[in-house]
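# Secondary and tertiary structure notes
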Amino acid sequence: MTQGFEADVHGWYGGAGSFGGRFMPEALIAALDELEVAWQKSMVDPTFVHEFEGLLQNYAGVPSMLYEAHRLSDHSGARILLKREDLNHTGAHKIRNVLGQALLTKRMGKTRVIAETGAGQHGVASATAAAYLGLDCTVYMGEVDTERQALNVARMQLLGAEVVSVKSGSRTLKDAINEALRDWVASVDHTAYLFGTAAGPHPFPSLVMSFVRGIGDEARRQCLELTGGLPDAIAACVGGGSNAIGLFAGFLEDPEVAIYGFEAGGDGVDTGRHAATIFAGSVGVLHGSRTYVLQDDDGQTVESHSISAGLDYPGVGPQHAALAASGRATYLPVTDTAAMDAMALLARTEGIIPAIESAHAIAGALEVAKERQGETILINLSGRGDKDMGTALDYFGLGTAGATTRETK
Amino acid sequence: MSTSVSVAYDKARADGRAALVGYLPAGFPTVEGGIDALTTMVDAGCDIIEIGLPYSDPVMDGPTIQAAAQQALDGGIRTTDVLRTVEAVAATGVPTLIMTYWNPVERYGVDRFAQDLYDAGGAGLITPDLTPDFAPEWITAADARDLDKVFLVAPSSTDERIAMTTAACRGFVYATAVMGVTGARDATSDLAGPLVARTKAAIEVSAPGLPVGVGLGVSNGAQAAEVASYADGVIVGSAFVRALLDHPGDADAGRRALTALTEDLARGVRA
Ligand SMILES: Cc1ncc(COP(=O)(O)O)c(C=O)c1O
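Sequence order as written defines the numbering, with residues in each chain counted from 1. All chains are assigned letters beginning at A, and all ligands numbers beginning at 1, according to the order in which they are written. Totals for whole chains, interfaces and linings use every residue, but because this is a predicted model, local features are given only for residues with pLDDT of at least 70 and side-chain atom pairs only at 80 or more, for both listing and counting. Processing note: side-chain calculations cover all non-hydrogen atoms of the structure and skip hydrogens and water entirely.

Moving on, we get to the sheet that holds strand β6 (residues 136-142) of chain A. Residue and element names in this part refer to chain A. Taking strand neighbours across the sheet as the criterion, the four strands line up as β7-β6-β5-β8 in an open arrangement whose pairing is parallel. Of all strands in the sheet, those with a lone pairing partner are β7 (162-166) and β8 (191-193), marking the two edges. Taking each pair of neighbouring strands and ignoring which way they run, the sheet shows an average axis angle of 25°. Pairing of strand β5 (residues 112-117) with β6, which is carried by six bridges, proceeds in the parallel orientation. Bridging from a neighbouring strand, Ala115 pairs with Val139 of β6. A pair of strands is treated as paired once DSSP finds two or more bridges between them. Secondary structure is summarised from DSSP: a helix means a run of H or I of at least four residues, a strand means a run of E of at least two, and numbering begins at the N terminus for each. Interaxial angle, 0 to 180 degrees, is taken between N-to-C directions of lines fitted to C-alpha atoms, where a helix line uses only the stretch in contact.

It is common to give the size of an interface as the accessible area lost on bringing the parts into contact. Only heavy atoms matter for contacts: two residues are in contact if any of them lie within 4.5 Å across the pair. With 33 residues of chain A in contact, the opposing surface of chain B contributes 34 residues. We define buried area as the total accessible area lost by two parts upon association, computed with a 1.4 Å probe and summed across both. Buried surface at the junction of chain A and chain B, both sides included, amounts to about 2900 Å², of which 49% is carbon and sulfur. Considering only the surface of chain A that becomes buried against chain B, Glu26, Arg182 and Asp298 of chain A emerge as the three largest contributors, covering 26% of it. By convention in these notes, a salt bridge is any Lys or Arg side-chain nitrogen within 4 Å of a carboxyl oxygen on Asp or Glu. Where chain A packs against chain B, one counts four salt bridges. Ionic pairing is found between Arg290 of chain A and Glu106 of chain B, a salt bridge with its closest N-O pair at 2.6 Å. Identification of polar contacts relies on pairs of N or O atoms within 3.5 Å, with a donor-acceptor requirement for protein atoms, meaning one able to donate a hydrogen and the other able to accept it, and with residues adjacent in sequence counted only if both atoms are side-chain atoms. For the interface between chain A and chain B, the tally reads 20 residue pairs in polar contact (both at pLDDT 80 or more). For the side of chain A that touches chain B, the elements supplying multiple residues, two or more each, are α1 (26-43), α8 (173-187) and β12 (282-286) of chain A. Ranked by the residues each element gives to the side of chain A that touches chain B, the list is headed by α8 of chain A, at seven residues. When residue character is reported, Ala, Val, Leu, Ile, Met, Phe, Trp, Tyr, Cys and Pro are called nonpolar, Asp, Glu, Lys and Arg charged, and the others, Gly included, polar. Class assignment of the residues belonging to the side of chain A that touches chain B gives a composition of 13 nonpolar, eleven polar and nine charged.

Further remarks concern the domain arrangement of chain A. Residue and element names in this part refer to chain A. Each domain of chain A was delimited in the assignment, giving domain 1 (18-57 + 93-208) and domain 2 (63-91 + 213-396). An automatic or database domain assignment is the source of the domain bounds shown. Measuring from the centre of the C-alpha atoms in domain 1 to the corresponding centre in domain 2 gives 22 Å. Each partner contributes to the interface: domain 1 provides 40 residues, whereas domain 2 provides 47 residues. For the domain 1 face of the interface with domain 2, the top three residues by lost area are Phe19, His93 and Arg96, together amounting to 24%. There are 17 residue pairs in polar contact (both at pLDDT 80 or more) connecting domain 1 and domain 2.

Residues and elements named next belong to chain B. The sheet built from nine strands is open, its strands ordered β5-β4-β3-β2-β1-β9-β8-β7-β6 with parallel pairing. Each end of this open sheet is capped by a strand with a single partner; those strands are β5 (148-150) and β6 (152-153). Those strands touched by helix α7 (residues 136-143) are β4 (124-126) and β5, and its axis lies near 150° from that of β5. Each of β1 (19-25) and β9 (233-236) touches helix α12 (residues 251-270); the most contacted strand, β1, lies at about 150° to it.

Right, let's talk about helix α6 (residues 110-119) of chain B for a bit. Residue and element names in this part refer to chain B. Note on exposure labels: buried denotes an accessible area under 20% of the residue type's maximum, exposed denotes more than 50%, and partly exposed covers the range between, all computed with a 1.4 Å probe on protein chains only. What α6 keeps buried is the set Val110, Phe113, Ala114 and Leu117. Taken down its axis, α6 places every buried residue within 100° of arc, on the same side. A positive phi of about 90° marks Gly121, the residue just after α6. Taken from the helix axis, the directions to the C-beta atoms give the arc we talk about.

Attention now goes to the packing of aromatic side chains. Residue and element names in this part refer to chain A. For Phe, Tyr and Trp, rings pair up if their centres lie within 6.5 Å, where Trp contributes its six-membered ring, and each pair is then called stacked (planes under 30 degrees apart), edge-to-face (over 60) or tilted (otherwise). Enumeration over the complete set of coordinates arrives at 20 aromatic pairs over all chains. When the centroid spacing of 6.4 Å and the interplanar angle of 55° are considered together, the rings of Trp184 and Phe204 count as tilted. Highlighted residues: Trp184 in helix α8 and Phe204 in helix α9 (residues 204-212), separated in sequence by 20 residues. Each member of the pair, Trp184 as well as Phe204, is classed as buried. Ring centres of Tyr260 and Phe262 lie 6.2 Å apart, and the angle between their planes is 5°; on these two criteria the pair is classed as stacked. The structure contains a cluster of three or more aromatic residues connected by ring pairs, namely Trp184, Tyr193, Phe195 and Phe204. In this scheme, Lys NZ or Arg CZ marks a charge over a ring once it lies within 6 Å of the ring centre and within 35 degrees of the ring normal. Over the aromatic face of Tyr67 sits the side chain of Arg84, whose NZ or CZ is 5.4 Å from the ring centroid.

A separate point is the UniProt feature "modified residue: N6-(pyridoxal phosphate)lysine" (unreviewed entry) in chain A. Residue and element names in this part refer to chain A. UniProt positions are given in the numbering used here, feature names are shortened, and annotations may be inferred rather than shown by experiment. Taking the numbering used here, the UniProt-annotated feature "modified residue: N6-(pyridoxal phosphate)lysine" (unreviewed entry) corresponds to Lys94. Within the secondary structure layout, Lys94 lies in helix α4 (residues 94-107). Overall, Lys94 belongs to the buried group, its relative accessible area being 18%. Non-local contacts of Lys94, meaning those with residues more than four positions away in its chain, are made with Gln121, His122, Ala125, Gly196 and Ser242.

Below, the structure is given as structure tokens:
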């Protein structure tokens, strides 16, 4: 497959000094170097590749199917294909990344993993991989997110992980990352940091892309088989950017395929309450890489807002910053309302309840479909909505069954 | 006029002792209160002052410094307030550095920041999340003005990286002698001695005479004395912050606590 989109040795995408890099405390550099070496060796080691692919197939249920959404297609006027990452074990694309990183952890001889999580999907995936591979696991999660994703907290605990509620800063994903990094500096000799998205310091963006790019490689093959051609456009939601870069990686060198990333528009970009980092942010350094950031005039990170915990992050992976800057991909915001409408629409047309994150991709793609009638649009359905039922219950006012039975005559 | 920290290190060395380096974030508890606290530390015996630039995502800081920085941010501190604090403290004649995470500098403009720091009389920067291999802009801007560039070494640093880092430093090398975030600790670190020895060996080759300052959560004179036995500078942060946090709303009591702590530490570096 296409290998053209790569970082240089310092982790820069789009040329030295542009996006990516490694802005990290010296204390963590040795661990990042160790990880980079272990990863590069493993990716060319047939034993590792075999083990990783075996786990993906036999444990995670990959390759996920490419599903033709006929009723949604009729509704939208475009031919809609869904990459069903929601059917993976643990319910999202995140398991791919985690299995790769957890196997690396074993190879490096470390016994404990830590992870940050927003929606809880990466935390659940990490706890799952840790249970399966016999590693200790601590997951950091913002206090706000532990409340809106309580079900996932319980899942992690049942899987044997310790969940730490983070009360600093905005008490969401960015603060969970801060706290995980603080743990890591003190525990780095025996602990690996399973980073949950394609962001952070080099080599994480590249490493994560290498583990999730199966999404795009499979989808490209499946689309060719199903339709006899490539899609006209592909779409994914963008939080930190892992599911999106996983999909995009398979199509970057097909210039005829238009690429769309959908960021969380929250209450609307003009309200200032959103997480549309590329669309409305500016270039800065956050969590180890230079990328787009939501920040004020002094470079203080501004709190992001989204109904979706997994997209509620004021940074984004440097690969997406580079793809936006080069014009290869287009990044657009989708509001909370549009995403929730799309969640309900997919549920009622296809009988599939998407994660609210993924619903952003559906909503954005439906907008794109208006200009692309009759074309094929392939959407990454990054996760399932089970974890979001609490939010849906409040938002749609669900959960109370009708009190009377219907008269029959 | 900007005074390099090397002036203070030379003086301490001539006295046959280590230098005492004191840290507080700017704007804590307020901008004026912070200036008052820092000048109190100067009056009571700090040889070098580090002023923290409060940042929303301080990944290297423990709860104590986080709490102080958050208080400064909640108070609406701006980068220009930090520079104003530098100006006030540097006016005492004590070399004054800013310790800052990288993004606020990048946002302000690296060259503009260097110029305004220079104009304020600041000695230079300590950059906890910027290593020399990712610092070409800062190195250029600092060298153009003879500002101090203080990069960090850690127990996990390889000898190659220590050599690269010490070669890029000006003023001193900051040895973080525990693996962990900032915060006062009861015990001194057994990682510190070996790290300082490795750093000194590298300095011998690349930058003879460059001092090594050690930060590991020192909070009293006895610990300061121990660190002073192998390091050129003893860096104290969380303990000063704690002294102020323990006296909320009582500036006089805070000042007395800072003075007492500084005097204890100053005796330590002379023991
Ligand atoms: C289902 C799902 N999709 C997307 C995301 C966003 O992350 P990323 O942008 O890294 O894919 C999350 C994060 O938790 C998620 O759970």
